[in-house]
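Letter by letter, the chains look like this.
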Protein chains: 2
Amino acid sequence: MSVSDAALRRFTGYGMKRAFNAIQADVNRTLKPHGLRMVTFSALSVIGENPGLSQAQLADALSIERPNIVMLIDELEAAGLVLRERHAADRRAYALALTGEGRRRLARADRAVRAHDARMTAGLSTEDRARLMEMLGSVERAGEEATG
Amino acid sequence: MSVSDAALRRFTGYGMKRAFNAIQADVNRTLKPHGLRMVTFSALSVIGENPGLSQAQLADALSIERPNIVMLIDELEAAGLVLRERHAADRRAYALALTGEGRRRLARADRAVRAHDARMTAGLSTEDRARLMEMLGSVERAGEEATG
DNA sequence: TATTGTTATACTCTATAACTATA
DNA sequence: TATAGTTATAGAGTATAACAATA
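Position numbers for residues count from 1 along each chain, tracking the sequence in the order it is written. Following the order in which they are written, the chains are lettered starting with A and the ligands numbered starting with 1. Whole-chain, interface and lining totals are the exception, using all residues; otherwise, since this is a predicted model, local features are given only for residues with pLDDT of at least 70 and side-chain atom pairs are given and counted only at 80 or more. Side-chain metrics rest on all non-hydrogen atoms present in the structure, leaving aside hydrogens and water.

**Student:** An account of the relation of the copies chain B and chain A is requested, with residue identities and associated values reported.
**Tutor:** Residues below a pLDDT of 70 in either copy are left out; the C-alpha atoms of the rest, at least 70 in both, set the least-squares superposition of the copies. Expressed as a screw operation, the relation of chain B to chain A combines 0.0 Å of axial shift with a rotation of 180 degrees, fitting to an RMSD of 0.0 Å. Here the symmetry operator amounts to a two-fold rotation axis. A high fraction, 100%, of the interface residues of chain B reappear at the interface in chain A, so the copies pair face to face through one surface. Between two residues, a contact is recorded if the distance between any of their heavy atoms is within 4.5 Å.

Quick look at the structure:
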């Protein structure tokens, strides 16, 4: 006898959780050979796109609490992928930047994640994918309104 | 100066994580007055739809490991919402069922979660919502193929 | 006073190994 | 031998309070 979850399947959140779990498992499998996880890849990507940003700015961009950024950057710095330079104008803050190895690692991992993304959305047309991203953005914004 | 996450916005997983975080925060806020969380609501819903199922079947339906189901049912049993009856044919297993209070609590929470879902998808048409659910299902199935 | 980075801490969620009782 | 439930435990991930240095 099979168990039904039809009552839950009506809810966007349930479908989203199951889809996200599938994506997260696959992306972590994808990133493992590169020595990265979803969160470290995200941090690397944002630092690469915004060199000189502070830990507080990175925390804000990724919706991570400041204390948890410390360990994250510790890990990336120890791996030789990120540099903590002192900010010129504000001596409280660091200016984060990628090392040469950080840039290379990010470039390779980014290619792998693009392939992962294509795999996960193989059942969707190009228009479908764009539409999905728009709808996810709509849900995210609805949540921001609710939170205030 | 604002920090850009445009490089990550290309990825389905990033959009999905942000949308899911928004949904999870809102649904937990929604369920708190009912004494439930996302996972306890899900368990209640599946038990209500499949009375007599075992803990192992529930674990499989919700993709939760068996040991973690034990604490979950402990909590719902202590709250007087779920009963562990002995399975007639297999004395190793429990037959899970909702109490009267469990059914009432589920009915009320289900109404609240439907309102939450409508709120989170307020920016989408009825057809959009159906399309979103289909696409999430497509991503979930792509993940199952990848896992094997 | 407020903010940046930090430490310490705690709480939740999740995953694994090993046990018991039944099958 | 295999499965259901359980216990113990460990690892992530996430959140809060409080501190020193700087603004």
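**Student:** Just give me the short version of the protein's contact with DNA strand D, but keep the residues and values in it.
**Tutor:** Of all residues adjacent to DNA strand D, which total 18 residues, the nearest are Arg37 and Arg91 of chain A together with Gln55, Ala56 and Arg92 of chain B. The definition of a polar contact used here is a pair of N or O atoms within 3.5 Å, where within protein one atom must be able to donate a hydrogen and the other to accept one, and adjacent residues in sequence count solely through side-chain atom pairs. At 2.4 Å, a side-chain N or O of Arg37 of chain A approaches a phosphate oxygen of DNA strand D. In this structure, a base nitrogen belonging to DNA strand D sits 3.0 Å away from a side-chain N or O atom of Asn68 of chain A. Helix numbers and strand numbers start at the N terminus; a helix is a DSSP run of H or I with at least 4 residues, a strand a run of E with at least 2. With 3 residues, helix H5 (residues 66–78) of chain B is the largest single contributor of residues to the surface near DNA strand D. Gly counts as polar in this scheme, as do all residues outside two lists: the nonpolar Ala, Val, Leu, Ile, Met, Phe, Trp, Tyr, Cys and Pro, and the charged Asp, Glu, Lys and Arg. Its residues placed into classes, the surface near DNA strand D shows 6 nonpolar, 3 polar and 9 charged. Note on terminology: near, applied to a residue and a molecule or strand, indicates that one of the residue's heavy atoms is within 4 Å of it.

**Student:** If you had to explain the side chain of Ser45 of chain B to someone new, which residues and values would you point to?
**Tutor:** Mapping Ser45 of chain B onto the fold places it in helix H3 (residues 38–49). Dropping the residues within four chain positions of it, Ser45 of chain B is found in contact with Ala7 and Leu8 of chain A together with Leu106 of chain B.

**Student:** A description of the interface of chain B and chain A should follow, citing residues and the corresponding values.
**Tutor:** Residue-level contacts link 58 residues of chain B with 58 residues of chain A. Of the roughly 5,200 Å² buried at the junction of chain B and chain A (both faces included), carbon and sulfur atoms supply 63%. The working definition used for a salt bridge is a side-chain nitrogen of Lys or Arg within 4 Å of a carboxyl oxygen of Asp or Glu. Taken together, the links from chain B to chain A amount to 8 salt bridges. A salt bridge links Arg18 of chain B to Glu140 of chain A; the shortest N-O distance between them is 2.9 Å. Summed over both partners, the accessible area (1.4 Å probe) lost when two parts come together is defined as the buried area.

**Student:** Before we move on, can you summarise helix H2 (residues 12–31) of chain A with the specific residues and values?
**Tutor:** For H2 of chain A, which comprises 20 residues, the first-to-last C-alpha distance of 28 Å matches the rise-based estimate of 28 Å (1.5 Å per residue) to within 8%. The rule is simple: take the accessible area with a 1.4 Å probe, protein chains only, and divide by the maximum for that residue type; under 20% is buried, over 50% is exposed, in between is partly exposed. With 14 of its 20 residues buried, H2 of chain A lies for the most part within the structure. Helix span, as expected, comes to 1.5 Å for every residue beyond the first.

**Student:** Explain helix H5 (residues 66–78) of chain A to me, and be specific about the residues and the numbers.
**Tutor:** All names here are of chain A. The terminal C-alpha atoms of H5 lie 19 Å apart, and with 13 residues this matches the ideal 18 Å at 1.5 Å per residue to within 8%. For H5, every residue scored as buried is listed here: Ile69, Leu72, Ile73 and Leu76. The buried residues of H5 occupy an angular sector of 95 degrees when projected down its axis, which confines them to one face. Those residues of H5 that are exposed and angled more than 90 degrees off the buried face are Pro67, Met71 and Ala78. Buried residues in H5 make contact with helix H3 (38–49), helix H4 (55–62), strand S1 (82–86) and strand S2 (94–98). Positive backbone phi, approximately 75 degrees, marks Gly80, located one or two places after H5. Each C-beta atom gives one direction from the helix axis, and the arc is the one those directions make.

**Student:** Tell me what's going on with the protein's contact with DNA strand C, and back it up with residues and numbers.
**Tutor:** Taken together, 18 residues sit near DNA strand C, with Ala56 and Arg92 of chain A together with Arg37, Arg91 and Arg92 of chain B positioned nearest. Backbone sugar and phosphate groups make up 60% of those atoms of DNA strand C lying within 4 Å of the protein. Mapped onto the surface near DNA strand C, the elements with two or more residues apiece are H4 and H5 of chain A together with H5 of chain B. If one sorts the elements of the surface near DNA strand C by residue count, H5 of chain A sits on top with 3 residues.

**Student:** A description of the nonpolar core should follow, citing residues and the corresponding values.
**Tutor:** By nonpolar core is meant a set of buried Ala, Val, Leu, Ile, Met, Phe, Trp, Tyr and Cys residues that side-chain atoms within 4.5 Å join together. Grouped together as the largest cluster of nonpolar side chains are 80 residues, with contacts concentrated most on Met16, Phe41 and Leu58 of chain A together with Met16, Phe41 and Leu58 of chain B. When residues no more than four places from it in sequence are discounted, the contact partners of Leu58 of chain B are Ala43, Val46, Ile47, Leu53, Ile69, Ile73 and Leu96 of chain B.

**Student:** Explain unusual backbone geometry residue by residue, including any values.
**Tutor:** Despite not being glycine, Ser63 of chain A has its phi angle at roughly 55 degrees, a positive value. Since its relative accessible area comes to 56%, Ser63 of chain A is described here as exposed.

**Student:** Give a description of the packing of helix H2 (residues 12–31) of chain B against helix H6 (residues 100–120) of chain B that names residues and reports values.
**Tutor:** Angle between the axes and distance between the axes are the two parameters that describe a pair of packed helices. All names here are of chain B. For helices, the fitted axis covers only the stretch in contact; all axes are lines through C-alpha atoms, and the angles between them, taken along N-to-C directions, range from 0 to 180 degrees. Axis separation between H2 and H6 bottoms out at 10 Å; the angle between their running directions is 145 degrees. The crossing of H2 and H6 is right-handed. Across the interface between the two elements, Ala22, Ile23, Asp26, Val27, Thr30 and Leu31 from H2 touch Ala109, Ala112, Val113, His116, Arg119 and Met120 from H6. Looking at the contact of H2 with H6 residue by residue, the classes come out as 8 nonpolar, 2 polar and 2 charged. Crossings are assigned a handedness: left-handed for a near helix turned anticlockwise from the far helix by less than a right angle, right-handed for a clockwise turn.

Purely geometric stuff here, so don't read any function into it on its own.
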